[in-house]
Amino acid sequence: MKIVIIGAVAGGASAAARARRLSEDAEIILLERGPEPSFANCGLPYYVGGKIQSRDKLLVAPAERLRQRYRLDVRTLSEVTQINRDEKTVTVRDLQTGKTYDESYDKLIYATGAAAFKPPIPGIDGERIMSLRDLPDADRLLAQVVMKSDSSQPPRRCVVVGAGFIGIEVVENMIERGIETTLVELSDQILPPWDREMIEPFHSLLSDQGVKLHLSDSAMRFEDDGTELTVHLKSGAVLHADFAVVSIGVRPENTLALEAGLLCGDRGGVVTNEHMQTSDSSIYAVGDVAEVRCSITGDTTQIPLAGPANRQGRIAADHLFGRDSKYRGTQGTAIVGVFGRAAAMTGLSEKVLQRMRRAYEKVYVHPADHAGYYPGATEMSLKLLFDPENGKILGAQAVGTNGVDKRIDVIAMAIQAEMTVYDLEEAELCYAPQFGSAKDPVNMAGFVAAGLLRGDQPVVHAADVLDVATAIPADESVFLLDVRTPSEFSAGHVDGAANYPLEQLREHLHELPQDREIFVYCKVGQRGYMATRLLAQKGFNVKNLSGGYTTYRHVEIPRPVLQ
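Just so it is clear, the structure is predicted and the values come from calculations on it, not from any experiment.

Draft legend 1. Quick peek at the confidence of the model for the chain. Summarising the model, the chain shows a mean pLDDT of 95, and 97% of its residues fall at 70 or more. Segment residues 559–563 is flagged for pLDDT under 50; beyond a separation of four residues in sequence, or across chains, it makes 19 contacts in the model.

See below:
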């Protein structure tokens, strides 16, 4: 069998290596437009920032290793310009010589990936406007970062447009390089895939590191006078910089597929089945260029992540050799780090569920990453989304300093296994005081969610409490009850709340209204839960604020539009 693979990074290289392991006799040709195959594009921001000092470290599988270890025919600087389905050939242009030739195939794997999206903004093609998608991009950006100006100083100012994964990582690494950095984002939050209240603490984190935030804004024009770059924003603000990095998303590199008549979805991804086959059974598509299914909803989706790309490459290779391998779908498990903090997620976010108009419930917990009595424990915030009827887990998000990845990985596996919040209650996870708690944060989220579904703990959410606290005229149907200590109450509380510390609550029950609904809260929800159980058994109509005052503050704090 002769296999031709277009694109030799994550999905393409994985498919090639898997194909060789399955067949020593197959002819496998890897065609890569760039100078290097199989590079670690997730490491590019850290190479530019100096954390990864050797460029060679980014070469996961150099061309010569692929040739020697796997006996692959690796052809770099080879651009496929056409897929000829009837003849089962591809037309290839050698970028070094300019010559073109046709290469035949029995099976073709289309792994072209995705390209950085460049909107039609005046000046966006200027020399000082960078993107960061491949090694040549990284080389170009690094040269700009370390470039000496007329005053023999490195560039001092950078504007990053787009606050997704790459944008945030570029911002961190520019700050680490000592470069004054401004971040512009169209949304009213950074990291738009996450729910806003989970990411709110990161806004102040960025500001504390010297990053200037322009949220709910966008770049409208770039101007370069040869001395400095000027970025004009929609708000009217004008930013001055030495260079800019545009990272506002990617689009599938589907030109060849479209020209060849392969079926593509609404968002440009090449339509595939569960075996990664396209509308032509001899052609497979894997990685960022492929449209796949959401493993939770079954809907088509386009989620560019390295893990799914690698698995898809393996599955395509399996299937073309007759194995019945199937791709389960993508659930969007991801993590990003910035200035010592991490944000991770898996499954569906609340904003996606709202867009789908799908019923859901949610809970928040704010546990420590390991036993509080052991030194170094830090708080994390964990949000769990689930079906209100059967408790099936729909998604989760977590932010914190340590242990965030572990908890989201556990819940990601629970989602794959179609588990419920009741299963999280019973999950047996490793414990020693320096690693976790006897009641792990995953268990805690399960306890709270299952308690809600059983009716043990009716909850109210921060947005509803905020509506009551800011209602004009005052909402007399609800009584806001703070069960924290007086010192905690004095440091900050929900407007209009009355303070009855939990330890004294039983002695003051006669002072609470029986004819009004009571919204009770504490710092993170645990004391509020105890108060809710107490009051419910005494006949009060009571609900606990999920996540307590900690979550409320993340919802209440106005998002910075311009700082």
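Draft legend 2. Focus on the pattern of salt bridges. One pass over the structure, following the stated rule, counts 26 salt bridges. Its salt-bridge partner being Asp-125, residue Lys-118 comes within 2.8 Å of it at the nearest N-O pair. Asp-188 serves as the salt-bridge partner of Arg-196, at 2.2 Å between the closest nitrogen and oxygen. A residue is classified by how much of its surface remains accessible, and Arg-196, at 30% relative accessible area, is partly exposed. Residue Asp-188 is classed as partly exposed on the basis of its relative accessible area, which comes to 25%. A network of salt bridges, in which partner residues are shared, links Asp-195, Glu-197, Glu-350, Lys-362 and Lys-383.

Draft legend 3. Main features of the pairing of strand E30 (residues 517–521). Buried residues dominate E30, accounting for four of its five residues. As paired strands, strand E28 (residues 478–482) and E30 are joined by five bridges and run parallel to one another. Along E30, the bridge assignment pairs Phe-479 with Ile-518. Pairing analysis gives three bridges linking E30 to strand E31 (residues 542–545), with the strands arranged parallel. Directly across from Val-520, in E31, lies its bridge partner Asn-544. Once the chain exits E30 it traverses helix H15 (residues 526–537) before rejoining the sheet at E31, and the crossover so formed is right-handed.

Draft legend 4. Quick look at a nonpolar patch on the surface. A cluster of nonpolar side chains, Tyr-373, Tyr-374 and Tyr-431, forms an exposed patch at the surface whose accessible area comes to about 350 Å². Relative to the helices and strands, Tyr-431 is located in the loop between helix H11 (421–426) and helix H12 (441–454). A residue is classified by how much of its surface remains accessible, and Tyr-431, at 40% relative accessible area, is partly exposed.

Draft legend 5. Representation of the sheet that holds strand E13 (residues 219–224) within the structure. Spatially, three strands are ordered E13-E14-E15 in an open sheet, and the strand pairing comes out antiparallel. If you trace the sheet from one side to the other, it starts and ends with E13 and strand E15 (238–241), each paired once. On average, adjacent strands in this sheet sit at an angle of 20° to one another, irrespective of strand direction. In this structure, strand E14 (residues 229–233) lies alongside E15, joined through four bridges in antiparallel fashion. Bridging across to E15, Val-231 finds its partner in Leu-239.

Draft legend 6. Focus on helix H8 (residues 306–320). Taking 1.5 Å per residue, 15 residues should reach 21 Å; H8 reaches 22 Å between its end C-alpha atoms and fits that length. Along H8, the positions that sit buried rather than exposed are Pro-308, Ala-309, Gln-312, Gly-313, Ile-315, Ala-316, Ala-317, Asp-318, His-319 and Leu-320. Looking at the packing, one finds that the buried side of H8 touches strand E1 (2–6), helix H1 (10–22), strand E7 (107–110), strand E19 (283–285) and strand E20 (290–293). In the segment just after H8, Gly-322 is the residue with positive phi, at about 95°.

Draft legend 7. Summary view of unusual backbone geometry. A cis geometry characterises the amide bond from Ile-472 onward to Pro-473, with omega recorded as -5°. Here Pro-473 is to be found in the loop between helix H13 (462–469) and E28. Backbone geometry at Arg-71 places phi at a positive 50°, although glycine is not the residue there. As for its placement among the helices and strands, Arg-71 is situated in the loop between helix H3 (63–70) and strand E3 (73–75). According to the relative accessible area criterion, Arg-71 is exposed, its value standing at 55%.

Draft legend 8. Highlighting the environment of Asp-280. Position of Asp-280 among the secondary structure elements: in the loop between strand E18 (270–271) and E19. Taking the relative accessible area as the measure of exposure, Asp-280 reaches 13% and is therefore buried. In this structure the C-alpha to C-alpha distance between Asp-280 and Leu-263, which are 17 residues apart in sequence, comes to 8.7 Å. Beyond its immediate sequence surroundings of up to four residues, Asp-280 is in contact with Arg-85 and Leu-262.

Draft legend 9. Structural view of the state of the cysteines. Tallying each qualifying case throughout the model produces zero disulfides. There is no disulfide at Cys-42, and the cysteine sulfur nearest it, in Cys-158, is 20 Å away.

Draft legend 10. Local environment of the sheet that holds E28. Taken together, five strands build an open sheet; the order of strands is E27-E31-E30-E28-E29 and the sheet is parallel. Of all strands in the sheet, those bounded by a partner on one side alone are strand E27 (459–460) and strand E29 (498–499). Of the strands in this sheet, E28, E30 and E31 touch H15, which is tilted by about 175° from E31.

Draft legend 11. Layout of the packing of H1 against H8. In the contact formed by H1 and H8, the axes pass within 7 Å of each other and the chain directions differ by 35°. Considering the relative orientation of H1 and H8, their crossing is right-handed. Of the residues in H8, those in contact with Ala-10, Gly-11, Ser-14, Ala-15, Arg-18, Ala-19, Arg-21 and Leu-22 of H1 are Ala-309, Asn-310, Gly-313, Arg-314, Ala-317 and Asp-318. Tallied by class, the residues present in the contact of H1 with H8 amount to six nonpolar, four polar and four charged.

Draft legend 12. Spatial organisation of H1. The end-to-end C-alpha distance of H1 is 18 Å, a good match for the 18 Å that 13 residues give at a rise of 1.5 Å each. Burial runs high along H1: 10 of the 13 residues are buried. Every buried residue of H1 is listed here: Gly-11, Gly-12, Ala-13, Ser-14, Ala-15, Ala-16, Ala-17, Arg-18, Ala-19 and Arg-20. At its buried positions, H1 is contacted by E1, strand E2 (27–31), H3, E7 and H8.

Draft legend 13. Local environment of the packing of aromatic side chains. Tallied over the full model, the rule gives three aromatic pairs. Judged by centre distance (5.9 Å) and plane angle (20°), the ring pair of Tyr-549 and Tyr-552 falls under stacked. Here Tyr-549 pairs with Tyr-552, and both are found in helix H16 (residues 548–556), just three residues apart, close to one helical turn. In this structure Tyr-549 comes out as buried when scored by relative accessible area, which is 12%. When its relative accessible area of 2% is taken as the criterion, Tyr-552 is described as buried. One aromatic cluster in this structure is built from Tyr-521, Tyr-549 and Tyr-552.

Criteria and thresholds
- Residues numbered from 1 in each chain as written.
- Predicted model: local features only at pLDDT ≥ 70, side-chain atom pairs only at ≥ 80, totals over all residues.
- Heavy atoms only, no water.
- pLDDT = per-residue confidence, 0-100.
- Contact = heavy atoms within 4.5 Å.
- Salt bridge = Lys/Arg side-chain N within 4 Å of Asp/Glu carboxyl O.
- Buried < 20%, exposed > 50% of the residue type's maximum accessible area, 1.4 Å probe, protein only.
- Helix = DSSP H or I, 4+ residues; strand = E, 2+ residues; numbered from the N terminus.
- Pairing = 2+ DSSP bridges.
- Right-handed = clockwise from strand over helix to strand, strands pointing away.
- Patch = residues over 30% accessible without salt bridge, like charges linked within 9 Å, V, L, I, M, F, W, Y side chains within 5 Å.
- Areas by Shrake-Rupley, 256 points an atom, 1.4 Å probe, with all protein chains shown as cover.
- Axes fitted to C-alpha atoms, helices over the stretch in contact; angles between N-to-C directions.
- Expected span 1.5 Å × (residues − 1).
- Disulfide = S-S within 2.5 Å.
- Left-handed = near helix turned anticlockwise from the far one by under 90°.
- Nonpolar A, V, L, I, M, F, W, Y, C, P; charged D, E, K, R; others polar.
- Phe/Tyr/Trp six-rings, centres within 6.5 Å; stacked < 30°, edge-to-face > 60°.

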